[in-house]
Amino acid sequence: MIELLKELIKIQSDTKEGANKALLFCADWLKTKGESVKVHDNKGYLMLTAVKGQGEETIVWNGHVDVVPGHKEQFVPVEEGDRLYGRGAADMKAGVAAMMQAFVELDSSLVTREVQLHIVTDEEIGGRHTSKWLVEQGFHGDFVICGEPTGLKVGLQSKGILRMDMVFKGKPAHGSRPWEGINAIESAMKFHLAVADLPFRKESTEYYEQPSVNLPIIKAGQRYNVVPEVCEMSYDIRFMPGQQKEEIVRQLVDLAETLNVTMDYKASGSTPPLTTTKDNPFIQSLQKAITATTQQQAVLFGQHGAADTRYYAAVNGGEGAIEFGPSGDDWHGNTEYVTISSVHAYKNILLAHAQLT
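Residues numbered from 1 in each chain as written. Predicted model: local features only at pLDDT ≥ 70, side-chain atom pairs only at ≥ 80, totals over all residues. Heavy atoms only, no water.

Caption draft 1: Geometry of the overall build of the chain. Looking only at helices and strands, the chain has nine helices and 17 strands in total. Seen along its three principal axes, the alpha-carbon backbone of the chain occupies a region of about 80 × 45 × 40 Å. A fraction of 78% describes how many contacts in the chain between residues 6 or more apart in sequence connect residues 24 or more apart. (Helix = DSSP H or I, 4+ residues; strand = E, 2+ residues; numbered from the N terminus. Contact = heavy atoms within 4.5 Å.)

Caption draft 2: Expanded view of the packing of aromatic side chains. Applying the stated criterion to the full structure yields four aromatic pairs. Each ring, one from Tyr85 and one from Tyr337, has its centre 5.4 Å from the other, and the planes form 50°; the classification is tilted. You can see Tyr85 sitting in strand β5 (residues 83–85) and its partner Tyr337 sitting in strand β17 (residues 337–339), a full 252 residues away along the chain. The buried category is assigned to Tyr337, whose relative accessible area is 12%. Between the aromatic rings of Phe143 and Phe282, the centroid separation amounts to 5.1 Å while the plane-to-plane angle is 5°, which identifies the pairing as stacked. Within this pair, whereas Phe143 is found in strand β7 (residues 143–146), its partner Phe282 is found in helix α7 (residues 281–294), the two being separated by 139 residues in sequence. For the residue pair Phe143 and Phe282, the accessibility class agrees, reading buried in each case. One residue, Lys52, lies across the ring of Phe103, its end atom 5.3 Å from the ring centre. Cation over ring: Arg83 sits above Tyr337, and NZ or CZ is 4.1 Å from the ring centre. (Phe/Tyr/Trp six-rings, centres within 6.5 Å; stacked < 30°, edge-to-face > 60°. Buried < 20%, exposed > 50% of the residue type's maximum accessible area, 1.4 Å probe, protein only. Lys NZ or Arg CZ within 6 Å of the ring centre and 35° of its normal.)

Caption draft 3: How the structure looks around the nonpolar core. Grouped together as the largest cluster of nonpolar side chains are 63 residues, with contacts concentrated most on Trp61 and Phe324. Ranked by the residues each element gives to this core, the list is headed by helix α3 (residues 89–105), at 11 residues. Core analysis: the second largest hydrophobic core is formed by 24 residues, Phe168, Ala184, Phe239 and Val249 among them. (Core = buried A, V, L, I, M, F, W, Y, C linked by side-chain atoms within 4.5 Å.)

Caption draft 4: Quick peek at the pairing of strand β2 (residues 45–53). With seven of nine residues buried, β2 is to be regarded as a mostly interior element. In the sheet, strand β1 (residues 38–42) pairs with β2 via five bridges, with the strands oriented antiparallel. Looking at β2, one finds that Asn42 is bridged to Tyr45. Joining the antiparallel neighbours β1 and β2 is a turn of two residues, in which Lys43 adopts a positive phi near 55°. Sheet analysis places β2 next to strand β6 (residues 114–120), joined by six bridges and oriented antiparallel. If you follow Gly53 over to β6, its bridge partner there is Glu114. (Pairing = 2+ DSSP bridges.)

Caption draft 5: The pattern of salt bridges, seen in detail. Counted according to the given criterion, the structure contains 15 salt bridges. Where Arg238 meets Asp236, a salt bridge forms, and the shortest distance between an N and an O atom there is 2.9 Å. We note that Arg238, like Asp236, is buried. Residues joined in a network through salt bridges with shared partners are Glu3, Lys6 and Glu79. (Salt bridge = Lys/Arg side-chain N within 4 Å of Asp/Glu carboxyl O.)

Caption draft 6: Region of interest: the sheet that holds strand β11 (residues 230–239). What the four strands build is an open sheet, ordered β10-β11-β9-β12; its pairing is antiparallel. Edge positions in the sheet fall to β10 (212–220) and β12 (262–271), since each of these pairs with one other strand and no more. Taken over all neighbouring pairs, the strand axes of this sheet differ in orientation by 15° on average, direction set aside. For strand β9 (residues 160–169) and β12, the ladder comprises eight bridges, and the chain directions are antiparallel. Residue Val167 lies in a different strand from β12, and its bridge partner there is Asp264. (Axes fitted to C-alpha atoms, helices over the stretch in contact; angles between N-to-C directions.)

Caption draft 7: Region of interest: the side chain of Asn280. For Asn280, the location among the structural elements is in the loop between β13 (274–275) and α7. Residue Asn280 is classed as buried on the basis of its relative accessible area, which comes to 10%. Once you skip the residues sitting within four places of it in the chain, Asn280 turns out to touch Phe143, Glu319 and Gly320.

See below:
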């Protein structure tokens with residue numbers, strides 16, 4: 001399994017062509033182990049599915065072989081003690097290798113449910129061409145594990161996404177007489193400072209201290225000697241399970257009216273939160289598998305970002321898809337690594353969970 005992981009790291013899969021090469025490598029590897037594999041093509045993006053077992057319930061193991069760009073030397077795996085360094089070592093070729101090995105070792109006679117293996121090639125750019133497409137074709141299940149690096153902790157929820165594009169309007173004037181105009185940048189600044197006191201910012205849940213609000217884009221002003229008439233500002237808001245996108249938008253719009261600033265807006269790019277709870281029977285059985293394998297209590301937490309889990313969860317009312325994978329650090333960084341021992345543990349947990357009745 002670790003040699004498989006090293007071979008995957010060597011494949012520079014930070015492009016569409018490279019990710020497809022890695023995908024075909026996975027398909028060939030599984031075939032040499034005697035597994036039946038189907039490769040799918042959607043607009044040139046490849047993915048594979050494989051199925052074992054049978055029953056009324058379906059578990060999906062989802063992993064991606066595409067990676068973010070890295071330096072040339074990062075595509076040469078380096079093993080130091082329990083650490084394996086390389087681009088994609090943690091995010092998430094380790095999870096893929098463990099899922100592949102677990103799938104090969106899975107004894108169909110010991111499972112009372114169907115287990116599907118999904119390996120995809122565009123998660124790092126949104127997953128719309130592969131995981132989303134697979135779900136649309138009917139490849140989904142009652143419970144989905146996306147093998148993102150979580151340190152063997154269970155990311156059972158994730159925040160939703162709301163993108164707000166705003167245009168603050170002022171009144172132009174000569175830069176030497178700013179009191180004769182209305183500075184759109186100052187209006188936007190006043191608005192931004194007041195957002196921190198809105199009710200939705202002060203809420204919390206069992207897994208989140210608060211939602212997050214990032215101000216990533218601001219565009220305004222063209223000349224020193226002109227009071228700016230327009231300021232464009234965009235928010236990336238990650239809201240918690242239980243919060244409603246419409247209510248957040250309402251609070252933002254009402255704030256502009258309260259501050260007496262002129263603002264137009266567009267709410268876009270919304271993704272609902274994942275709302276899996278600890279009472280989910282698959283979560284409970286996964287906790288048992290983790291404890292039996294590692295002799296440690298399972299840790300449940302909420303993810304701040306989004307993954308391909310969102311496409312699978314959409315079929316089940318926002319729940320039943322989680323992030324759960326091996327331990328590592330600095331993914332997307334220059335010293336990305338995964339701990340080898342956690343890859344072995346992860347593979348054993350997947351097997352134990354699939355075979356629990």
